[in-house]
Structures are given as structure tokens and as C-alpha cells.
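Structural description and commentary
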Amino acid sequence: MSHPAAPSPGGDECLEEDEDELEPGLDEAEAEPEAGSGGKASGGTRGAVLTRRSITLRVLLRDGLLEPARGVLSIYYLGKKFVGDLGADGTITWQETGQVFNSPSAWATHCKRLVNPAKKSGCGWASVRYKGQKLDQYKAAWLRQHQPNAPPAEESLPSEGEEEEMAEEEEEEAPREGRAPIPEPVATKKPEERSKKQQCKSLVEPVGTGKVARGALGDPGQRGSGDGVLCFTDHGAPGKRPENKPRLPVRYCTLGTRDSARNPQTLVEVTPFAAINKFQPFNVAISSNVLLLLDFHSHLTRSEVVGYLGGRWDTNTQLLTVLRAFPCRTRLGDAETAGAVEEEICQSLFLRGLSLVGWYHSHPFSPALPSLHDIDAQMDYQLKLQGSGNGFQPCLALICGPYYHGNPGVESKIAPFWVMPPPEQRPNDYGIPMDVEVAYIQDGFLTNDVLQEMTLLVEFYKGAPDLVKFQELWSQDQTYLDKLKGSLASRTPKDQSFTPILEQIYSLLKLSS
């Protein structure tokens, strides 16, 4: 759904600086005055006062308002933080990837598009902070010093989504309001240390509202990325949410602005990237063993289940590989058990050298489409999930619909999705659930991990009131157990040596139900 473009706050100045800002390497002799010249060009032939947009980082460095150092530049945008080094030549090096940018606008635009692909400009001088203070404040200080008679320009406002709240550590370093910025050599903290406190604080906060507030995602699979605590809370009694009636989905374009009266469990059709003339910003490959285990988990109960996805993110190829599913063997709402189960998952990720790359949950009798609550939760997880540094890392969501009779055949529908932020000119709209194209990797054999997880799941749900009765009929000629076997068949490796073990697990299911 397209909307007419609207200027962002402070738009004129932001756009002007983004388009016309001089970059290092140009002939700055024509733009930069000699130090102490009061802004007049030497020789008197040009006689021009240096304009606001012609002030570059090199000007501020040369005149002592800024000093080159590591980690002194930062951007906060839609919950993400980016850290950069300021070079003596006025270039910016992004710490996460080592990429070099010639201007604040170039860096800000690049970083913001990673979080929000619809972002068109970066509003760099209003977005990038030097030691916690926005760069356009340093530019204003230069103008006051060198061109005191020039009319003051209004400070650029950040674009939509720009976060005004600084991290607590940087608030202490930031100059007090009204004090002229004075460069001081400050020993900056490592990005990992700065993000750790913020990440750990955010992990214990419930996400959104609605039926389920699922686990806040961290990155326990990598060192230096927080203490690996996962948590999820629930707003209802545990095990009391069996889903028996299918929910009818709506199209995203019919939603409009957020409405508190709308049912958060409303399902929304996903949108292909091609439909909005966008390219998928990352590639995804998923192991067949991942699909087999989460499909098995989803079949066991009439209630929703949830689990996590482990894998690896390659920043060079922009490929997210999902290698392992980690079912949460706990009832939604059982906070005491949840902490222990998720700590176990943290350890499993770490021992296998994997990162947390996403999550899955089930819609037992409904289409495998995200609800409004799922969309909000996924958007939150995308912003919280970070790697060992501060770069972009996607978070993938999978929904499994095992018993929806609208599925073609017995195979469960497992649908991946990702959420694109709403257009900046419509910040109160819902996020856009995007259909993610995935490459599936057929595993050659079932791992012992998968078989053990399947056995533990059978034991966990044994005797539960919402356990599926596998001997009952699912359709006219198939039991629920037949349905389960048929769905897993295409995801089971060709190696037949594991067949007796699977049959043993199926026998346990019969006994438990």
C-alpha cells in the first residue's frame, strides 16, 4: 500500500545537508576558510561566508571542536545502536563491519536502511552523536565562533524513529544543556560493554499486550553479548488456551491506523517484497531437521507452543542459516519453569557455537499467518536481537499450522515472516508482515539431539488435558497420528536407519494419549 511522501521533521535542513554536504577528498580549499579567518575566504576574490551545509567533519577537526578517536560516534534508531570511529581525515568507520563512510549522512542513511529498508535519507548531522551530543550542535558552535554575525539556524530535528533517549552511560558523558562543547579525551567503553547493560535491562520487560508475550530475544550464543537470559511471560492461566476455531485473516491494507478496539489475535496476510517493489534484505536457509522438530512439537497439543531457533548470521553474504530448533518444554505462563528451561536453551546454544536467530510458535487449527500481536512481538524482537557488536542481524519468525484443514494435504504449513516498519509518514500504522523466501536444506540423517528432544516432548505433554488424542480421527480416513506421520514424512531424512526409533516415539505417543 503506497502513501504520498511527506517531509520528515526538520526536513528542509536535513535534506539539504544530506544532498549537498561536502565530502572529504573534494577541493576543500574552495570551501574551508583558514583557521582564525572568521569564515572569510582567503584572497578576497571569493569573499563568501562558509555556509552551514559546507561545514564538514574536517573543518570541525581542524579547528579543534572534534578529535579523532575510536567509538566516539553513535546513532540510535528504532531501538538499534550503531558505533563508529572518527578518523583524522574526517571519515567514519563503522565498528561492526569496518566499512568507511565519507560523511555523517552517508553513514546514517546506510545504518537506518538496515533497520528500516524504506528509509530514504539519514539526516546525518541531526542523527549522529559525538560523545553523546548531536553533530549539528558542534556545527552550531563553530558558526558562533567563526561567524558570530550570521543568523542562527534552527537545530535539525531527528527523523521519525530517531531516539532522543541516550544510554545511561552516555548521559553521564554528555555535556550539560547550554554548555559549549569542549573536546575531552575520554576513554570510551567497548561497544559490547555498553550494549550489555541495555540489553539485559530490556530482556526482562514484557513485550506488548495480548494473549502471549513471548521470550525477549538476546544472543546467548555469542560471548560478550549479554548474560544470555531469556524470558517470556503470559497473561493467562497456563495450558488453558486450546485453539479449536480457525481465525479468518484480513489484508494488511485494510488495517489502517492502530485501533485499541481491534482484536490483537486478528490474523493478517503476509505481503511479498515484490508487491511493494522491494528486495528481501537478507537470505535464509533452514535445515530440514529444524522443520521436523518444530512440526512435531506443534502437533502434540491443542494449545499454542513456542520455541527458539539457533543458527548463524554471515554479514558478508547476508545469509541467515537456521540449524537447530529449541522447543520450550514449559507451559505458557509458568514463569518458574520458564526461567530454567530457557537457561538450558542458552547453554545449548553456547555449547554448539550457535546464535539465537529467531523463534517459532504454532497456530494449531488456524492458518499459519501472523496475528497483530505476533507482528508487534516480532518487530520488538527484531530490534532487540543483536550480534556481538551493533550491526544489523535479522530475526526470523516461523509459524506452524498443523491442524488447519485449509492446508493442502496432511503436511503442516510452516510460514516464515519478517516485519517491515510502517512508512515514516504513518508511524501509527501496524508493521507490515513480509513473506520471506527461504531455501530448505535436506539433512542426511536425524541427529541425536532431535531424537532426544522428541522423546522429552512426549514425556512433557504426557497426560496433559490439551494433549492431542492421536488415536482419534482427524479426517474421515486418517487418525491424528496418521496426520502427524504424513506431515513429518517429507521432512524426514532418506536414511532409514532411524525409522525404528521414530516408530518407538510414535508408540509412546499412543500410550501417552
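Residues numbered from 1 in each chain as written. Predicted model: local features only at pLDDT ≥ 70, side-chain atom pairs only at ≥ 80, totals over all residues. Heavy atoms only, no water.

So, on to the nonpolar core. Counting 109 residues, the largest nonpolar core has Leu-66, Trp-107, Phe-296 and Phe-470 as the members making the most contacts within it. Contact partners of Phe-470, with chain neighbours within four places excluded, come to His-299, Leu-300, Tyr-403, Thr-479, Tyr-480, Leu-481, Leu-484, Leu-509 and Ser-513. (Core = buried A, V, L, I, M, F, W, Y, C linked by side-chain atoms within 4.5 Å. Buried < 20%, exposed > 50% of the residue type's maximum accessible area, 1.4 Å probe, protein only. Contact = heavy atoms within 4.5 Å.)

With that out of the way, let us pick up empty space enclosed by the protein. A complete count under the given rule lists 3 cavities of 30 Å³ or more for this structure. If you go around the second largest cavity, the residues you meet are Lys-80, Leu-114, Val-115, Met-379, Gln-382, Leu-383, Phe-392, Gln-393, Pro-394, Cys-395 and Trp-418. Counting residues per element, the lining of the second largest cavity draws most heavily on helix H10 (residues 372-384), which supplies 3 residues. The class makeup of the residues in the lining of the second largest cavity is 8 nonpolar, 2 polar and 1 charged. (1 Å grid on protein atoms, 1.4 Å probe; cavity = no way out; pocket = protein on both sides within 12 Å on 5 of 7 lines; lining within 4 Å. Points joined across faces, edges and corners; volume = space filled by probe spheres on them. Helix = DSSP H or I, 4+ residues; strand = E, 2+ residues; numbered from the N terminus. Nonpolar A, V, L, I, M, F, W, Y, C, P; charged D, E, K, R; others polar.)

Quick look at the confidence of the model for the protein chain now. Residue-level pLDDT values for the protein chain average 75, and 68% of them are 70 or greater. Contacts of residues 22-32 to residues separated by more than four positions or lying in other chains number 21 contacts, the stretch itself having pLDDT below 50. Within the model, pLDDT remains below 50 along residues 157-240, and this stretch shows 212 contacts once partners closer than five positions in the same chain are excluded. (pLDDT = per-residue confidence, 0-100.)

What follows is about the packing of aromatic side chains. Across all of its chains, the model carries 8 aromatic pairs by this definition. Ring centres of Trp-359 and Tyr-381 lie 5.2 Å apart, and the angle between their planes is 90°; this geometry places the pair in the edge-to-face category. With a gap of 22 residues between them, Trp-359 in strand S13 (residues 355-362) and Tyr-381 in helix H10 connect regions that are remote in the sequence. A residue is classified by how much of its surface remains accessible, and Trp-359, at 1% relative accessible area, is buried. An aromatic cluster of at least three residues, connected via ring pairs, comprises Phe-273, Phe-282 and Trp-418. The ring centre of Phe-326 lies 4.5 Å from the NZ or CZ of Arg-324, which sits over that ring. One Lys or Arg, Lys-483, reaches over the ring of Trp-474 and ends 5.7 Å from the middle of that ring. (Phe/Tyr/Trp six-rings, centres within 6.5 Å; stacked < 30°, edge-to-face > 60°. Lys NZ or Arg CZ within 6 Å of the ring centre and 35° of its normal.)

Looking now at the packing of helix H12 (residues 480-489) against helix H13 (residues 499-512). Running from N to C, H12 and H13 cross one another at 150°; their axes reach a closest spacing of 11 Å. When the axis of H12 is compared with that of H13, the two are roughly antiparallel. Note that H12 runs across H13; the crossing there is right-handed. Contacts between H12 and H13 involve Leu-481, Leu-484, Lys-485 and Leu-488 on the former and, on the latter, Glu-503, Tyr-506, Leu-509 and Lys-510. (Axes fitted to C-alpha atoms, helices over the stretch in contact; angles between N-to-C directions. Parallel < 35°, antiparallel > 145°, perpendicular 65-115°, else oblique. Left-handed = near helix turned anticlockwise from the far one by under 90°.)

Let's shift gears to the sheet that holds strand S2 (residues 80-86). Taken together, the 6 strands give an open sheet; going across it, the order is S4-S3-S2-S1-S5-S6, and neighbouring strands pair in antiparallel fashion. In the strand order of this sheet, the two ends are held by strand S4 (100-101) and strand S6 (133-134), each with one partner. In the packing of helix H3 (residues 104-115) onto the sheet, the strands contacted are strand S1 (69-77), S2, strand S3 (92-94) and S4, and the crossing angle to S1 comes to about 50°. (Pairing = 2+ DSSP bridges.)

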